[in-house]
Amino acid sequence: MSWLHEQRLESVQQVVRDCGARSVIDLGCGDGDLLTRLIFEPQIQRIVGLDISQETLYRLRTRLDGIPPAGHAPRVELVHGSMTEPGPALIGFDCALLIETIEHLDPARLSEVERALFARMRPTTVVITTPNAELNPLLGVPSYRFRHPGHRFEWGRAKFRSWAEGVAQRNGYRFVCSDLAGQHPVYGGASQMAVFTGTLAIDPLPS
């Protein structure tokens, strides 16, 4: 694991701690680099990992099964599905995470994600990270391609902040943007993060 990825995960994990979430959904959870950390957070009682790849979820289940049980064991569910079509089981979470996920979507589909996540699922806290295109030259990425072949777009910080501001205004959230994974004085970090906070309080989970 690269130090950039490590810093990204640590930053997101700290946001989850700070917001006090007891139920978390990781949208586009992939192989579970973040999810396998969150299972050790003592305040979290329920975690759901959603991914559109059945094979990826199988690998993650195998990975979870190989982690020795600890004193704290949240309920972990893995769901095969799309974040743009949230059923009732994906609604009612304190915190939703989209970590290096949105850039894999066609930009035309971002409005679908916005409606599904902020209007229908409506978690109290939403954390979204995405690569910062401004740092690509320093990472050796040529201007004619993206950082990863699966990316459909990569934004600079001004574009990401403008998008986040529109999402927040349309859906009644506050937001804060920050650099992740490095702090270059001109170009920022390798990634960037927006933390959206809604006006709904976190209700206690039933005992």
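Scroll up a little and you will see the structure.
On a predicted model such as this, the values are computed, not experimentally measured, just so you know. (Residues numbered from 1 in each chain as written. Predicted model: local features only at pLDDT ≥ 70, side-chain atom pairs only at ≥ 80, totals over all residues. Heavy atoms only, no water.)

Trainee: Lay out the nonpolar core in plain terms, naming residues and giving numbers.
Mentor: In this structure, Leu27, Leu98, Ile102, Ile128, Trp163 and Phe196 are the most contacted members of the largest nonpolar core, which totals 29 residues. Secondary structure elements with two or more residues in this core: strand E1 (23–27), strand E2 (46–51), strand E4 (95–99), helix H4 (110–121), strand E5 (125–131), helix H5 (157–171) and strand E7 (191–197). Not counting residues within four places of it along the chain, the set of residues in contact with Ile102 comprises Leu110, Ile128, Thr130, Phe153, Trp155, Phe160 and Trp163. Residues Leu4, Ala21, Cys29 and Leu57 belong to the second largest nonpolar core, which totals 27 residues. (Core = buried A, V, L, I, M, F, W, Y, C linked by side-chain atoms within 4.5 Å. Buried < 20%, exposed > 50% of the residue type's maximum accessible area, 1.4 Å probe, protein only. Helix = DSSP H or I, 4+ residues; strand = E, 2+ residues; numbered from the N terminus. Contact = heavy atoms within 4.5 Å.)

Trainee: Quick one: what's the story with unusual backbone geometry, residue by residue and with numbers?
Mentor: At Glu100, a position not held by glycine, the phi torsion is positive, near 50°. Here Glu100 lies in the loop between E4 and H4. Looking at Glu100, the relative accessible area reads 16%, which means it is buried. Even without glycine at this site, Arg122 takes up a positive phi of about 45°. Locating Arg122 in the fold gives a position in the loop between H4 and E5.

Trainee: Lay out the environment of Asp26 in plain terms, naming residues and giving numbers.
Mentor: With respect to the element layout, Asp26 can be found in strand E1. Remark: the alpha-carbon pair of Asp26 and Leu98, spanning 72 residues in sequence, is separated by 6.4 Å. Filtering out sequence-adjacent residues up to four positions away, Asp26 remains in contact with Leu34, Leu35, Val48, Gly49, Leu50 and Leu97.

Trainee: Before we move on, can you summarise the environment of Ala119 with the specific residues and values?
Mentor: When you line up the elements, Ala119 lands in helix H4. In this structure Ala119 comes out as exposed when scored by relative accessible area, which is 51%. Between the C-alpha atom of Ala119 and that of His5, which follows or precedes it by 114 residues, the distance is 30 Å. Those residues in contact with Ala119 that lie beyond four places of it in its chain are Glu114 and Asn171.

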